[in-house]
Each structure stands twice: as structure tokens, then as C-alpha cells.
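Tertiary structure, described
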Amino acid sequence: MTEALNASRPPASAADTLLEAAGLHTFYGISHILHGVDFAVRTGETIGLMGRNGMGKTTLIKSMLGLVRPRQGIVSVRGVDMTHAETHAIARSGIAYVPEGRGIFPNLSVRENLVMAARANVKGVSEWTFDRVIHTFPRLGERLNNGGAQLSGGEQQMLTIGRALMTNPDLLILDEATEGLAPLIAREIWGIIKAIRASGIATIIVDKNYAAVMALSDRSVVLVKGRVVFSGESRELSDNPDLMHRFLGV
Amino acid sequence: MDLAFFLIQLLNGLQYGLLLFLVASGLTLIFGIMGIINLAHGSFYMIGAYLAWSLSSMTGSLTAAILIAIPLTVVLGMGLERLLIQHLYKRDHLYQVLLTYGLILVFEELRSVIWGDDVHGVAVPALLSHSIPLTENLSYPVYRLAISGVCLLLAAGLYFLIQKTRLGMMIRAGASNREMVQSLGIDIKLIYTLVFALGIALAAFAGMINAPLSSVFPNMGGGVLIICFVVVVIGGIGSVKGALIASLVIGLAETFGQVLVPELAGMVVYFLMAVVLVWRPEGLFGGRS
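From a predicted model like this one, the values you see are computed outputs, not experimental measurements.

Residue and element names in this part refer to chain A. For strand S8 (residues 202-206), a buried count of 5 out of 5 residues is recorded, marking the element as mostly surrounded by other parts of the structure. Side chains Ala202, Ile204 and Val206 of S8 all project onto a buried face; the interleaved residues Thr203 and Ile205 project onto the opposite face, where all are buried too. In this structure, strand S3 (residues 46-50) lies alongside S8, joined through 3 bridges in parallel fashion. Each residue of the ladder has a partner; that of Ile47, found in S8, is Ile204. As judged from the 5 bridges shared by strand S7 (residues 171-175) and S8, these two strands associate in the parallel manner. Bridge pairing in S8 places Leu174 opposite Ile205. Crossover handedness for the path S7 to helix H8 (residues 183-198) to S8: right-handed.

Structure representation (C-alpha cells):
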């Protein structure tokens with residue numbers, strides 16, 4: 001079905017492909033989670049990675065980041081095979097991860113959470129500095145000396161995104177960035193994601209707010225039971241209520 | 001107890017406490033940040049003392065011996081972490097206890113083979129071998145003051161490293177979420193190797209500088225290990241600040257205990273630990289620093 005839906009789409013060219021996964025098979029113990037998943041992100045592109053709970057979205061992300069080792073398949077960054085690379089080496093090739101559940105360091109202050117992650121991009125340029133992050137997230141600027149655990153959910157999410165930006169990534173992976181946030185705060189986060197996208201950073205967005213994801217993304221990829229069942233322009237998916245219902249239950 | 005005698009006991013207690021801190025700080029960092037219960041930590045104190053004796057016998061200088069021995073202990077720490085300890089991070093504490101207990105036996109056997117089973121004395125450096133007169137009959141050795149000064153400097157350095165540097169932030173972050181640290185492009189394995197080597201070197205250094213006071217003898221690490229675990233429990237696992245406060249409290253309690261209530265001296269620190277455990281089970285500075 002994927003092939004059929006993608007018949008008109010040219011494959012991502014190797015030249016501008018930032019992150020690519022080919023034929024990934026990932027297991028948790030004896031549970032086969034990913035069944036030969038192909039996935040690619042091009043430079044500056046925004047992809048909505050969708051699927052109901054337990055379909056393998058987070059596992060796909062973790063497999064590409066080396067946090068979970070796929071049993072089969074290849075992960076490459078800018079054409080370089082990183083399948084067996086350490087997570088920190090994959091991250092250093094320009095990939096930042098905002099995990100589900102945020103992953104702030106509660107024993108570090110807001111300032112320390114940001115400073116400890118600071119690094120130039122792969123070309124040695126630091127477009128995102130501490131000052132720029134604080135300018136983007138003024139709320140964090142007011143709480144620099146607070147412990148990470150003392151922040152509200154929205155502030156924690158801003159801190160995680162800000163910390164990811166401090167690594168000056170070419171690709172930002174956002175896994176359920178608005179989960180559990182009040183609608184007003186979630187709207188603020190979406191605004192920030194939009195601004196990040198506009199700044200030219202490629203993004204992979206995983207979120208249950210499918211409408212917002214599709215409105216923001218260039219392409220959508222849908223996983224069902226560890227298989228890619230749709231990969232194409234987001235509009236193609238949002239304009240097709242039948243596909244939406246079949247794959248996402250909405 | 002007159003003032004001069006009190007002052008001497010106070011200085012002795014502080015010096016002992018600061019020395020304990022050198023050993024306990026490494027133990028608490030390795031336990032709190034890497035999650036490793038290192039029963040062999042006292043062995044590195046012993047190895048430091050034997051290296052100080054052995055190398056100072058060869059070179060004729062304790063200072064030279066220490067300068068040679070420190071890099072050796074750093075290399076030993078890094079090698080052990082890479083070879084053995086790193087395989088324990090994802091395992092149950094039981095495996096850690098078994099392996100590190102095994103290391104105690106291996107180190108004791110190696111010590112016996114290399115250095116023998118005799119007790120040895122180490123000379124205090126000539127420059128520090130005199131005493132400061134406090135009263136007509138009482139004086140205080142300069143070497144003990146020098147040890148306290150060096151320990152204080154190391155404590156300040158350790159505080160600066162852990163609390164004020166980016167490496168320290170990464171170390172603390174690694175204690176709360178190892179996976180996330182890696183996802184930020186930081187080589188957590190390298191950080192763990194450095195933390196382990198630092199802890200080992202601190203324990204060994206404590207053994208080196210204390211060798212002229214305690215002499216050098218087989219199984220000398222055992223007693224230190226037990227008292228350092230008490231320090232870690234009282235101070236709070238992973239807290240360097242807690243280790244410092246608890247070391248000083250224990251140093252003073254044990255020293256004054258031996259003077260004031262010698263028949264109960266052996267119980268004082270364990271009584272203190274029991275009180276702290278009832279009052280604050282997570283230790284004085286519970287959680288991680």
C-alpha cells in the first residue's frame with residue numbers, strides 16, 4: 001500500500017538526505033516491533049510521524065538514534081552508515097532529540113540544563129546560543145536558577161526544546177512535545193515548533209494532535225503495527241478521511 | 001580537658017575527617033552517579049599506601065613517590081572501569097558486590113605477592129617533620145596540618161569541578177538520566193571512566209598521604225571502606241557536600257569518642273548512622289548532588 005501511495009513521489013535523493021533508515025527490524029525481547037521500516041528525512045524538511053499508541057513511532061526514533069539496536073537494517077546520516085554508532089556520535093552528527101516525558105535533568109538548574117548541552121553544529125557554527133534560547137523562551141530566563149524539577153510541565157517542555165537547540169542541530173526530533181500540556185501552553189509550544197521549522201532546522205514531529213502535525217509538516221509517515229502504511233505529502237493524508245480513519249482512527 | 005588538649009583533638013578529628021572525605025567522595029560519586037557499589041574502594045586506599053611506601057623507598061622522597069603514584073592509580077582506575085566495571089552498569093547490584101568483593105581478594109593476594117605481609121613505616125617529608133608548640137608540653141605535627149590543608153584544597157577543587165564546570169554538570173546529569181545525556185551528544189562512557197578513575201585516584205591519594213601516620217599494613221583498606229560507607233549513608237548517596245559534612249562529623253565523633261568515652265568509641269559512628277537513618281533515611285543531603 002505504501003508503494004501505491006508513493007507511486008507519484010520521487011524517492012529522497014541521497015544528496016540531501018539527512019537521516020535515513022532502511023529495512024529496520026527492531027525487537028524488544030521476543031516482541032517484533034518494527035517490520036522492515038524505511039524512513040528518510042531531507043535537509044530542512046518537516047515530517048509528521050503518526051500512528052496510534054504502540055505502533056512503533058518511539059521505537060523507530062530510538063532505533064535511529066542508537067538507543068535501541070535494530071536487529072536488521074541500516075541507519076545512515078548524510079549517507080554515512082551509523083547503524084552501529086554510539087548514540088552520542090549519532091547526536092553529534094547533528095541530531096537532537098526531545099523525548100517523550102521530556103527528560104530534563106531535575107538535579108540541574110535551568111541554566112545548567114542549557115549550558116551542559118551547548119555545542120556548535122557539524123560545521124563549527126553556533127547559531128543557537130544561550131542568549132538566543134533565552135530570548136526564544138523568556139519564561140526560562142526568569143527561572144534560570146530554579147531546579148529543573150521546580151518547573152511547570154510547559155516550562156519543562158520549553159527547557160527540553162531549548163536544550164536540544166543548544167546543540168545546534170540540523171534535525172530536531174520531537175516526541176509528544178505537547179503531551180499533557182494545557183491547551184494554551186500547547187499552542188505556545190506549537191508556535192515555537194513552527195518558528196524552529198521556519199529557521200531551517202529539519203524536524204520529525206510525533207504528536208497526537210494529528211491536525212496540527214499535518215498542518216505543519218511537509219510529509220507524513222504513518223506506522224501501523226511497526227510497518228509504514230503511508231508515506232507522502234501531509235495534504236494527501238489530511239484530505240483523505242478514509243485513510244485518516246483507517247490508519248489513525250479519526 | 002584543657003584548651004590545648006581540646007584543640008589537638010579538634011585538629012586530629014578534622015584531619016581524620018578530611019582524609020575520610022577523600023576516600024568517601026570517590027565512593028559516593030561512583031555509587032551515586034554510576035550506580036556501582038564498589039566494595040574494592042578501600043583496596044585502592046591500601047594500594048596508594050603501598051605505592052607510597054614502595055616508591056618512596058626507591059626514590060627517597062614521599063613527594064616524588066606521590067607524583068609517580070597518582071598517574072599510576074588514574075591509569076589503574078581507567079583500565080579497571082573499561083575492563084570490568086562498565087559491564088556492570090545494567091546489572092543487578094548483586095553482580096557488582098560479587099565482582100568488587102572478588103577484586104578485594106585479588107588485590108590483597110597481589111599485595112602479598114608483590115610487597116609481602118609485613119608492616120612498613122613511611123617517613124614524613126623532612127620539610128614537614130617538625131611540630132608547632134601549643135603549650136609547654138603539647139605540640140602539633142605540621143604534617144597533620146599539611147594533610148588537612150591538602151584535603152581542604154582537594155575538597156574545594158572537587159566542589160568546583162562538580163558544581164561549577166560543564167564536565168561537572170554532565171556528571172550530575174548522567175546521574176539522573178544516562179540515556180538523555182547520550183542523546184545530547186555527550187560520551188557518557190568516557191565520563192564514567194573519568195569519574196571512576198577520579199574516585200580511585202582520590203582513595204589512593206588518601207592512602208599515600210596518610211601512610212606516614214597510619215603506617216602501611218595488609219588489609220588496611222577494610223576498615224576504611226566500612227567507615228566510608230557510613231559516611232556515604234549519613235551524607236546521602238551521590239552527594240559530595242554530604243560526604244564532606246558526614247566525614248567531618250564522623251572524624252570528630254570518633255576522635256572525641258575515643259577520648260571521652262573510650263569504652264563506647266567503636267559504637268559512636270554507628271549510633272550516629274542509626275540516628276540519621278531514622279531521622280532522614282535518604283541521608284543529610286539525600287538525593288544526588
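Residues and elements named next belong to chain A. The mixed open sheet is built from 6 strands, whose spatial order is S6-S7-S8-S3-S9-S10. Sheet topology places strand S6 (95-98) and strand S10 (227-233) at the edges, where each strand pairs with a single neighbour. The mean inter-strand angle of the sheet, taken between neighbouring strand axes irrespective of direction, is 15°. Most of the contacts of helix H7 (residues 153-165) go to S6, to which it runs at about 170°, and overall it touches S6 and S7. With respect to the sheet, H8 is in contact with S3, S7 and S8, its orientation differing from that of S8 by roughly 150°.

As a further point, take the interface of chain A and chain B. Across the boundary between the two partners, chain A contributes 19 residues, which contact 18 residues of chain B. Of all elements in the fold, only helix H3 (87-92) and helix H4 (110-115) of chain A reach the threshold of two or more residues within the side of chain A that touches chain B. A class-by-class count of the residues in the side of chain A that touches chain B yields 11 nonpolar, 5 polar and 3 charged.

So, on to the sheet that holds strand S1 (residues 17-28) of chain A. Residue and element names in this part refer to chain A. Across the sheet, which stays open at both edges, the 4 strands sit in the order S2-S1-S4-S5 with antiparallel pairing between neighbours. Each edge of the sheet is formed by a strand with only one pairing partner; in this case those strands are strand S2 (31-42) and strand S5 (80-81). Bridge count for S1 against S2 is 9 bridges, and the pairing is antiparallel. Bridged to Ala21 within S2 is Phe39.

For the rest of this paragraph, the subject is the packing of helix H1 (residues 3-34) of chain B against helix H9 (residues 220-235) of chain B. Residue and element names in this part refer to chain B. For the pair H1 and H9, interaxial distance at closest approach is 9 Å and the crossing angle is 65°. Considering how the two elements wind past one another, H1 and H9 form a crossing that is right-handed. Listed contacts from H9 to Leu20, Val23, Ala24, Leu27, Thr28 and Phe31 of H1 are Val224, Ile227, Cys228, Val231, Val232 and Gly235.

For the rest of this paragraph, the subject is the environment of Ala69 of chain B. All names here are of chain B. Here Ala69 shows up in helix H3 (residues 62-83). Judged by the 26 C-beta atoms lying within 10 Å of it, Ala69 falls in the buried class. Once the C-alpha coordinates of Ala69 and Ala201 are considered, the two residues, 132 residues apart in sequence, prove to be 9.1 Å apart. Ignoring anything within four residues of it in the chain, the contact list for Ala69 reads Gly48, Leu51, Ala52, Leu55, Ala204 and Met208.

This part covers the confidence of the model for chain B. For chain B, the average pLDDT comes to 93, and 99% of its residues sit at 70 or higher. Taken together, the chains of this predicted complex give a pTM of 0.88 and an interface ipTM of 0.88.

All names here are of chain B. Within the largest apolar cluster, 152 residues are counted, with the highest numbers of intra-cluster contacts made by Val23 and Ala52. Ranked by residue count, the leading element in this core is helix H8 (residues 188-214), at 16 residues. Beyond its immediate stretch of four places on either side in the chain, Val23 contacts His41, Tyr45, Leu202, Ala203, Ala206, Val224 and Cys228.

Between two packed helices, the angle of one axis relative to the other and the distance separating the axes together describe the packing. Residue and element names in this part refer to chain B. Contact pair H1 / helix H5 (residues 142-164): the axes reach a minimum separation of 9 Å and the direction vectors enclose 40°. The pairing of H1 with H5 is recorded here as oblique in orientation. Seen along the crossing, H1 lies across H5 with a hand that is left-handed. Listed contacts from H5 to Leu11, Leu14, Gln15, Leu18, Leu19, Phe21, Leu22 and Ser25 of H1 are Arg144, Ile147, Ser148, Cys151, Leu152, Leu154, Ala155 and Leu158.

All names here are of chain A. Pairing between strand S9 (residues 219-224) and S10: 6 bridges, direction antiparallel. Note on S10: the bridge partner recorded for Val222 is Phe230. Hairpin connection of S9 to S10: 2 residues between the antiparallel strands, including Lys225 at a positive phi of 50°.

The rules behind each value
- Residue positions are given per chain, counted from 1 along the sequence in the order it is written.
- Think of it this way: whatever chain is written first is A, whatever ligand is written first is 1, and the rest follow in order.
- Side-chain atom pairs in this predicted model are given and counted only at pLDDT of 80 or more, local residue features only at pLDDT of at least 70, and totals for whole chains, interfaces and linings cover all residues.
- Around each residue's C-beta, the other C-beta atoms within 10 Å are counted; 20 or more make the residue buried, 12 or fewer make it exposed, and counts in between make it partly exposed. All C-beta atoms are placed from the backbone.
- A helix here means a DSSP run of H or I that spans at least four residues, while a strand means a run of E at least two residues long, and both kinds are numbered starting from the N terminus.
- When DSSP finds two or more bridges between a pair of strands, those strands are recorded as paired.
- Seen with its strands pointing away from the viewer, a crossover is right-handed when the path leading from the first strand over the helix to the second is clockwise.
- Axis lines are fitted through C-alpha atoms, for helices just across the contact stretch, and the angle between N-to-C directions can take any value from 0 to 180 degrees.
- Contacts are defined on C-beta atoms placed from the backbone: any two residues whose C-beta positions lie within 7 Å are in contact.
- Any residue outside Ala, Val, Leu, Ile, Met, Phe, Trp, Tyr, Cys, Pro, Asp, Glu, Lys and Arg is labelled polar, Gly included; the first ten of those are nonpolar and the last four are charged.
- By convention, the crossing between two helices is left-handed when the near helix turns anticlockwise from the far helix through less than a right angle, and right-handed when the turn is clockwise.
- Every residue is assigned a pLDDT by the predictor, reflecting its confidence on a scale from 0 to 100.
- Core membership is restricted to buried Ala, Val, Leu, Ile, Met, Phe, Trp, Tyr and Cys residues, and these are joined into a nonpolar core through C-beta atoms within 7 Å.
- For classification purposes, an angle smaller than 35 degrees is called roughly parallel, one larger than 145 roughly antiparallel, one from 65 to 115 roughly perpendicular, and anything else oblique.

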